[in-house]
Amino acid sequence: GGFSLGKEINQYILKPGKQEIAIRLYPQKKDETSFDETISKTAKVKISIKKSTEPLSVLDKAEAREKAIETEWEILTFETPKVETNTAYLEFKTSFNVIDKDISWKINGWNKSKDLKSEPDLRKQVDAFYTNFKNILESKKQEDYLKLLKTSIHEEALSKPWMGENFEKDLSNEILKYASEERNFISPCQNAELKFYGNGKIVTLVCKDMLSYGYSPLISKTAKSAMPKVHTFYLYKPENSNELEIIR
């Protein structure tokens, strides 16, 4: 079936210039315990990259259209070509350009970091990080939890200048409140695997059990929330460090 979603990508743009995108297609699930052997011949993905001065609500966009006011500009549209062969994996690449005047932030992200694919014992290190992350939340160690997310929060705030100078402080306060809540952890899978992004500089864990394929192996539920929280985060190692840190 078809569906669409939108996402702000400012915090993933580290600097002006060429921005590369990889689209990866895999077979879909045919039932709860198995996948199709090959990608459907009808499978396709279409992406559209747009820029605007700031995010607007649906109502604001509608009002602007009525007044013939332009609020966003499309800079890339790309659709994957028709699937011609029986295959279990396809990858397509495209790119778009960001000019200097379009971004006012400067963030390091994973730009100056290590290639994790060549790191010895990486799986052991990642497992230890996830265990520590879980223990910190279970113990309600608010400051320790905030410290884990500090770089990610800082760079997200920088990439959203329209939110104002107090945005980073507000995000930090929300994190502290969240970490103080009583919670139960749900184990969605017994087996997880490493997934790499950013040309091997970013890594995360995802479930490979059939029922929970692609989910984070860490999910928690608090009494204050009707929905469980899937703890998805992306790890990297700064070039001058040997410790994994959360970058997004």
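So, about the packing of helix H3 (residues 142-158) against helix H4 (residues 167-179). At a minimum axis distance of 9 Å, the contact between H3 and H4 shows a crossing angle of 150 degrees. Considering their axes alone, H3 and H4 lie roughly antiparallel with respect to each other. The handedness of the crossing between H3 and H4 is right-handed. Residues Gln-142, Glu-143, Tyr-145, Leu-146, Leu-149, Ile-153, His-154, Glu-156 and Ala-157 of H3 form the contact with H4, whose participating residues are Phe-167, Glu-168, Leu-171, Ser-172, Ile-175, Leu-176, Lys-177, Tyr-178 and Ala-179.

Below, the discussion takes up helix H2 (residues 122-138). With 17 residues, H2 should reach 24 Å at 1.5 Å per residue; the first-to-last C-alpha distance of 24 Å fits that figure. Within the sequence span of H2, burial applies to Leu-122, Val-126, Phe-129, Tyr-130, Phe-133, Ile-136 and Leu-137. Buried residues of H2 fall within an arc of 130 degrees about the axis and therefore sit on the same side.

On to the packing of H2 against H3, then. Helix-helix packing: each pair is described by the crossing angle between the helix axes and the interaxial distance. Contact pair H2 / H3: the axes reach a minimum separation of 8 Å and the direction vectors enclose 140 degrees. The pairing of H2 with H3 is recorded here as oblique in orientation. Crossing of H2 over H3 shows left-handed handedness. On H3, the residues touching Phe-129, Phe-133, Ile-136 and Leu-137 of H2 are Asp-144, Tyr-145 and Leu-148. Split by residue class, the contact of H2 with H3 holds six nonpolar, no polar and one charged.

The next thing to look at is a negative patch on the surface. A surface patch of like charges, here negative, comprises Glu-54, Asp-60, Glu-63 and Glu-66. Of note, Glu-63 is situated in helix H1 (residues 58-66).

Another aspect to go through is the state of the cysteines. Throughout the structure, instances matching the rule amount to one disulfide. Disulfide pairing places Cys-189 opposite Cys-207 at an S-S distance of 2.2 Å. Here the disulfide of Cys-189 and Cys-207 is left-handed, its torsion about the S-S bond being about -70 degrees. Pair noted here: Cys-189 is in the loop between strand S7 (183-186) and strand S8 (192-197) and Cys-207 is in strand S9 (residues 202-207), with a separation of 18 residues, a long-range link. Like Cys-207, Cys-189 is buried.

How each quantity is defined
Residues numbered from 1 in each chain as written. Predicted model: local features only at pLDDT ≥ 70, side-chain atom pairs only at ≥ 80, totals over all residues. Heavy atoms only, no water. Axes fitted to C-alpha atoms, helices over the stretch in contact; angles between N-to-C directions. Helix = DSSP H or I, 4+ residues; strand = E, 2+ residues; numbered from the N terminus. Parallel < 35°, antiparallel > 145°, perpendicular 65-115°, else oblique. Left-handed = near helix turned anticlockwise from the far one by under 90°. Contact = heavy atoms within 4.5 Å. Expected span 1.5 Å × (residues − 1). Buried < 20%, exposed > 50% of the residue type's maximum accessible area, 1.4 Å probe, protein only. Arc of directions from axis to C-beta. Nonpolar A, V, L, I, M, F, W, Y, C, P; charged D, E, K, R; others polar. Patch = residues over 30% accessible without salt bridge, like charges linked within 9 Å, V, L, I, M, F, W, Y side chains within 5 Å. Areas by Shrake-Rupley, 256 points an atom, 1.4 Å probe, with all protein chains shown as cover. Salt bridge = Lys/Arg side-chain N within 4 Å of Asp/Glu carboxyl O. Lys, Arg positive; Asp, Glu negative; His and termini not counted. Charge placed at Lys NZ, Arg CZ, Asp CG, Glu CD. Disulfide = S-S within 2.5 Å.

Purely spatial values, then, with no claim about function.
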